[in-house]
Number of protein chains: 2
Amino acid sequence: MTLPSSLDELIEALRCLPGVGPKSAQRMAYHLLQRDRRGADRLASALHRALDTLRRCARCNTFTEDEVCDRCASPKRDPSLLCVVEMPVDLNTMEQTHAFNGLYYVLLGRLSPLDGIGPKELAFERLLARATDGVVKEVILATNFTNEGEATAHYLSEMLHARGVKVSRIARGLPVGGEIEYTDAATVAQALIERRDY
Amino acid sequence: MTLPSSLDELIEALRCLPGVGPKSAQRMAYHLLQRDRRGADRLASALHRALDTLRRCARCNTFTEDEVCDRCASPKRDPSLLCVVEMPVDLNTMEQTHAFNGLYYVLLGRLSPLDGIGPKELAFERLLARATDGVVKEVILATNFTNEGEATAHYLSEMLHARGVKVSRIARGLPVGGEIEYTDAATVAQALIERRDY
């Protein structure tokens, strides 16, 4: 008296989604079958289409349907500024700020020796070639402020400095609207150390 | 400088899943494209297959690939006991107890006048016909103990009693392993009222 196999397969397949365990997968499967068959059909087609059409931009590694993404191909962006981020999703967040008009390079990861991810796995030599192509004047490191993101930024800065490339790191400090009373000590300390002339 | 359209469509399509907002949909899309393309492909195929092959059991309303589900067709189940549940997922939970060997009827909802769901929308006459077919000896109401589930059980019990059908309701009380100190007063009160001879 088990579930029909196609229902069972659907529940199992839904577990490939991050954060979805057996209970949520079951709830999702029933929801789709009972309440949103059109949505399920659209999702299946969107998955197939995305797998078929999306590939890596040859210049920045983000997802695109063309050889080079719109951003890298745009004459309106400043190619002398190169912002290095860990993931495509970080790039999206940076873009939402409308505060940056340069180009990007997506590492697709971060240094993580314990997981066997080193400079070779992240193809740092490709980034180095890009940064020393004569067009790029400054590399802005925008990896996360986690231990691994910091280690990655440190490694990259050493590597790029050795080639005479100008390197900067995005600032740490209090968030906009932040109150000192409610900010952790490490962040306040960093905000003090990285204080700016006013 | 927006996202490629097939990526955008995928993120949008993932939002048909219950509990998935724009941020999680984005995270899911990137996860699938970067880390689990095989899973994404399997999910797309499983969705299409489930939509193609699954339909309602003609007897109990649960999902099946055949005209009548395995359970309803089984000679090992006791057809004189009919358990009424709100949703297919409730049926699964009941089955996992291994405490019931009768058959089921899935309402596919609950009475909810504010949402325009009345006895007609839930096709109560179909259940009535089933309960009075001469085979069923007892109807066990296993709708939820929410306001709507209780109202549904009450309505069904009146309707079935009027036709002389024996009706029962699953018990309320403390959960297995439950401690009185940590149980809400309403549940303890109900456990007192529905106490059994010992």
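Every value quoted in this text rests on a predicted model; they were computed, and no experiment measured them. Residue positions are counted from 1 within each chain, in the order its sequence is given. As a convention, the first chain written is A and the first ligand written is 1, with the rest following in written order. Selection of residues for local features in this predicted model requires a pLDDT of at least 70, selection of side-chain atom pairs for listing and counting requires 80 or more, and totals for whole chains, interfaces and linings are taken over all residues. As a rule here, side-chain values come from all non-hydrogen atoms in the structure, and water together with hydrogens is ignored.

A. Quick look at the interface of chain B and chain A. It only takes one pair of heavy atoms within 4.5 Å for two residues to be counted as in contact. Every contact between the two is made by 55 residues of chain B and, on the other side, 54 residues of chain A. Note: buried area is the sum, over both parts, of the accessible area (probe 1.4 Å) each one loses when the two are combined. Taking both sides of the interface into account, the surface hidden between chain B and chain A amounts to around 5,300 Å²; carbon and sulfur atoms contribute 65%. Take a side-chain nitrogen of Lys or Arg and a carboxyl oxygen of Asp or Glu: if they are within 4 Å of each other, that pair is a salt bridge. At the junction of chain B with chain A, the criterion picks out two salt bridges. The residue Arg49 of chain B makes a salt bridge to Glu9 of chain A at a minimum N-O spacing of 3.1 Å.

B. The domain arrangement of chain A, seen in detail. Domain annotation of chain A identifies domain 1 (6–53) and domain 2 (80–169). Look at where the C-alpha atoms of domain 1 of chain A and domain 2 of chain A centre, and you get two points 35 Å apart. What marks off one domain from the next here is an automatic or database domain assignment.

C. Here's a closer look at the UniProt feature "zinc finger region: C4-type" (unreviewed entry) in chain A. Cross-referencing UniProt, the feature "zinc finger region: C4-type" (unreviewed entry) maps to residues 57–72 of chain A in the present numbering. Segment residues 57–72 of chain A splits into 19% helix and 12% strand. End C-alpha atoms: 8 Å apart. UniProt positions are given in the numbering used here, feature names are shortened, and annotations may be inferred rather than shown by experiment. Secondary structure elements are defined from DSSP: runs of H or I of at least 4 residues count as helices, runs of E of at least 2 residues count as strands, and each element is numbered from the N terminus.

D. Expanded view of the sheet that holds strand S4 (residues 102–106) of chain B. Residue and element names in this part refer to chain B. Read from one edge of the open sheet, four strands run S4-S3-S5-S6, paired in parallel fashion. Strand pairing shows two members of the sheet lacking a second neighbour, S4 and strand S6 (166–169), which therefore form its edges. Averaged over all pairs of adjacent strands, the angle between their axes in this sheet comes to 25 degrees, without regard to strand direction. If DSSP finds at least two bridges between two strands, the strands pair. Bridge count between strand S5 (residues 138–141) and S6: four bridges; the pairing is parallel. In the strand pairing of S6, Leu141 is matched with Arg169. Its contacts with the sheet place helix H6 (residues 124–131) against strand S3 (78–85), S4 and S5, and it is angled at close to 165 degrees to S4. Orientation is described by lines fitted to C-alpha atoms, with helices fitted over the stretch in contact, and by angles between N-to-C directions that extend from 0 to 180 degrees. On the sheet, helix H7 (residues 147–162) packs against S3, S5 and S6 and is oriented at approximately 165 degrees with respect to S6.

E. View of the packing of helix H1 (residues 5–14) of chain B against helix H2 (residues 22–35) of chain B. All names here are of chain B. It is at 8 Å that the axes of H1 and H2 come closest, and there the two elements cross at 125 degrees. Between H1 and H2, the angle falls in the class oblique. Once H1 is placed against H2, the crossing between them reads as right-handed. Contact with H1, carried on its side by Leu7, Leu10, Ile11 and Leu14, involves Pro22, Ala25, Gln26, Met28, Ala29, Tyr30 and Leu33 of H2 and no other residues of that element. Along the lines of polarity and charge, the residues of the contact of H1 with H2 split into ten nonpolar, one polar and no charged. These descriptions rest on fixed angle ranges, namely under 35 degrees for roughly parallel, over 145 for roughly antiparallel, 65 to 115 for roughly perpendicular, and the rest for oblique. When the near helix sits turned anticlockwise from the far one by under a right angle, the crossing is termed left-handed; a clockwise turn instead gives a right-handed crossing. Gly falls in the polar group here, along with every residue not listed as nonpolar (Ala, Val, Leu, Ile, Met, Phe, Trp, Tyr, Cys, Pro) or charged (Asp, Glu, Lys, Arg).

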